[in-house]
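# Coordinate analysis (summary)
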Amino acid sequence: MKITVIGGGSWATAIVKILSEGNVHIKWWMRSIEDVEHIKKHHHNPNYLSSVEIHPSNVKPYTNLKEALRGTEWVILAVPAAFVTDAVKSLTESNLEDKKIISAIKGMIPENNQLITDFLADKYAVSHQNMGIIAGPCHAEEVALEKQSYLTIASPNIKLATEFADLMRCRFVKTSVLSDIYGVEYAAVMKNIVALACGITHGLGGGDNFQAVMVSNAMQEIKRVVDVIAPMERDLSASAYLGDLLVTAYSQFSRNRTFGNMIGRGYSVQAAQLEMNMIAEGYYAVKCIYEMMQKHAVEMPITDFAYQILYKNASLRKEFEVLKGKLK
Ligand SMILES: NC(=O)C1=CN([C@@H]2O[C@H](COP(=O)(O)OP(=O)(O)OC[C@H]3O[C@@H](n4cnc5c(N)ncnc54)[C@H](OP(=O)(O)O)[C@@H]3O)[C@@H](O)[C@H]2O)C=CC1
Ligand SMILES: O=C(CO)COP(=O)(O)O
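The name recorded for the protein in an unreviewed UniProt entry is Glycerol-3-phosphate dehydrogenase [NAD(P)+], from Emticicia aquatica. If you open the UniProt record of the protein and go to Subcellular location (unreviewed entry), you find "Cytoplasm".

Right under this line is the structure:
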């Protein structure tokens, strides 16, 4: 079994570690030739999760994406949404033909507010039946530590989801499947916005009492948004939805919460991005969801709060007061 992993960051590294537990051959694409050389020589990713050992017998790093895709059955996309178009720009439809494509990305393409699966369908004619997503509450850092984790593979094609769930199951990862690909993808985008907003309010002095109310209001906001853009019966208390919201809003490892916390403490967006050295998808997601939802009359106090602060340069204190007034 040959699998291509696209992306050299923390989540791609964690996915390579998980897959390496099984009997698979991984062709791992990243953009930096220096990083590829480092991995070949030292068997570790120099910049992300560098404690993880990369086994040369079943993982081969590449900088040529077409070569990395040659002869593989599965493709996993794991670069932040804002860089996906750039990462795959050398490809044509034929490079992805007959491949099963899994997005591990929890974000939307900022230029056109598009989900990754819709981008793949539009630009590369990939059928939704040949796609899935990796969801669930799971930080790359805990995968590196082999802490017990749970992933959900969502696809309208349950056979494909089940096959991929089998590949991702290992000593420290349990997997399950869902058919609700859109709901899970949008809920993952929304939970990043919420975690970022939780970080901002924490930075502004909000306590645990306030955050608990934020998170429960957030669940209702996520439901309102997802019900409008991807209506169907779903159990939002499943770990792919609620679990991911909780881990991102509360974990010390959350990039979105950390980024928001810096904003709440007075950092500019640019300073927070520089300090982080990792991508907080929620920053882009706030604008995507805010713009997308303009045509729908949906109450979104948490998204509005983050949008006003991040994109309208609004007063942190004033927006915090507005948010306090709106939460129940
Ligand atoms: N980290 C986590 O725990 C989890 C992350 N995710 C999702 O996974 C996705 C990837 O995030 P994550 O791995 O954390 O991100 P990181 O911030 O850890 O890494 C970002 C990666 O993107 C690369 N990159 C930047 N620009 C480009 C470009 N133009 N073309 C190709 N690659 C580029 C960087 O390369 P370079 O180093 O060369 O700059 C780096 O390898 C996100 O959607 C995230 O939400 C999902 C679940 C868990
Ligand atoms: O999706 C994640 C955990 O499930 C990662 O969230 P962060 O990007 O905020 O770290």
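### Overview of the state of the cysteines
For the structure on display, the rule yields zero disulfides. Looking at C198, it has no disulfide partner, and the nearest cysteine sulfur is the one in C288, 20 Å off.

### Some points on the packing of aromatic side chains
Taken as a whole, this structure holds nine aromatic pairs when the rule is applied. With a centroid separation of 5.2 Å and 40° between ring planes, the pair formed by W74 and F164 is classed as tilted. Of this pair, W74 sits in strand 4 (residues 74–77) while F164 sits in helix 8 (residues 158–168); the two residues are 90 residues apart in sequence, bridging distant segments of the chain. The pair formed by W74 and F164 is uniform in burial state, with each residue classed as buried. Geometrically, the ring pair formed by Y307 and Y311 is stacked, given 5.6 Å between the ring centres and 20° between the ring planes.

### With respect to the pattern of salt bridges
Enumeration over the complete set of coordinates arrives at 18 salt bridges. Among the salt bridges present, the one from E163 reaches K159, with a minimum N-O distance of 3.4 Å. Of this pair, E163 and K159 are both found in helix 8, four residues apart, which corresponds to roughly one turn of the helix. The exposed category is assigned to K159, whose relative accessible area is 61%. In this structure, a network of salt bridges that share partners links the residues K17, E21, E146 and R171.

### Structural notes on empty space enclosed by the protein
Taking a probe equal in size to a water molecule and rolling it over the atoms shows the remaining empty space. In total, this model carries two cavities of 30 Å³ or more according to the counting rule given. For the lining of the largest cavity, the secondary structure elements donating two or more residues are strand 4 and helix 6 (116–124). Grouping the amino acids of the lining of the largest cavity by side-chain chemistry returns nine nonpolar, no polar and no charged. Here the second largest cavity defines a volume of roughly 30 Å³. The wall of the second largest cavity is formed by I105, K106, I133, I134, A135, V184, E185 and A188. At the level of elements, strand 8 (131–135) and helix 9 (181–203) are the ones that each hand at least two residues to the lining of the second largest cavity. Along the lines of polarity and charge, the residues of the lining of the second largest cavity split into six nonpolar, no polar and two charged.

### What about the confidence of the model for the protein?
Residue-level pLDDT values for the protein average 98, and 100% of them are 70 or greater. Interface confidence for the predicted complex, expressed as ipTM, amounts to 0.99; the pTM equals 0.98.

### A few points about the side chain of Q114
Tracing the chain through its elements places Q114 in strand 7 (residues 114–115). A polar contact of 3.0 Å, which involves the side chain of Q114, links it to the side chain of N112. Excluding anything up to four places from it in sequence, Q114 contacts M108, I109, F119 and D122.

### What to know about the site of ligand 2
Near ligand 2 there are 13 residues, and of these K191, D244, S254, R255 and N256 occur at the shortest range. One nitrogen or oxygen atom from the side chain of D244 is found 2.6 Å from an oxygen atom belonging to ligand 2. Here the residues of the shell around ligand 2 are counted per class, giving four nonpolar, five polar and four charged.

### A short note on the site of ligand 1
The environment of ligand 1 is formed by 23 residues, the closest being S10, R31, D86, A140 and E281. W11 is positioned such that a nitrogen or oxygen atom in its backbone is 2.8 Å from an oxygen atom of ligand 1. The side chain of Y48 places a nitrogen or oxygen atom 2.8 Å from an oxygen atom of ligand 1. About the coverage of ligand 1: the protein hides 89% of its 900 Å² of free accessible area.

### Points about the UniProt feature "binding site: sn-glycerol 3-phosphate" (unreviewed entry) in the protein
UniProt records the feature "binding site: sn-glycerol 3-phosphate" (unreviewed entry) at K106, G136, K191, D244, S254, R255 and N256, using the numbering of this structure. When the annotated set is filtered for residues lining the second largest cavity, what remains is K106. Take D244: it is sitting in helix 11 (residues 239–250). Under the relative-accessibility criterion, D244 is labelled buried at 2%. Tracing the backbone through its elements, the reader meets S254 in the loop between helix 11 and helix 12 (255–264). We classify S254 as buried; its relative accessible area is 1%.

### Focus on the packing of helix 10 (residues 208–229) against helix 11
Two numbers describe how helix 10 lies on helix 11: the axes approach to 11 Å, and their chain directions differ by 145°. The crossing of helix 10 and helix 11 is right-handed. Of helix 11, the residues touching helix 10 (which contributes Q211, A212, V215, A218, M219 and I222) are Y241, L242, L245, L246, A249 and Y250. For the contact of helix 10 with helix 11, the class distribution of residues is eleven nonpolar, one polar and no charged.

Definitions and limits used
Residues numbered from 1 in each chain as written. Chains lettered and ligands numbered in written order. Predicted model: local features only at pLDDT ≥ 70, side-chain atom pairs only at ≥ 80, totals over all residues. Heavy atoms only, no water. UniProt positions renumbered as here; feature names shortened; annotations may be inferred. Disulfide = S-S within 2.5 Å. Phe/Tyr/Trp six-rings, centres within 6.5 Å; stacked < 30°, edge-to-face > 60°. Helix = DSSP H or I, 4+ residues; strand = E, 2+ residues; numbered from the N terminus. Buried < 20%, exposed > 50% of the residue type's maximum accessible area, 1.4 Å probe, protein only. Salt bridge = Lys/Arg side-chain N within 4 Å of Asp/Glu carboxyl O. 1 Å grid on protein atoms, 1.4 Å probe; cavity = no way out; pocket = protein on both sides within 12 Å on 5 of 7 lines; lining within 4 Å. Points joined across faces, edges and corners; volume = space filled by probe spheres on them. Nonpolar A, V, L, I, M, F, W, Y, C, P; charged D, E, K, R; others polar. pLDDT = per-residue confidence, 0-100. Polar contact = N/O pair within 3.5 Å; in protein donor to acceptor, adjacent residues only side chain to side chain. Contact = heavy atoms within 4.5 Å. Near = heavy atom within 4 Å. Areas by Shrake-Rupley, 256 points an atom, 1.4 Å probe, with all protein chains shown as cover. Axes fitted to C-alpha atoms, helices over the stretch in contact; angles between N-to-C directions. Left-handed = near helix turned anticlockwise from the far one by under 90°.

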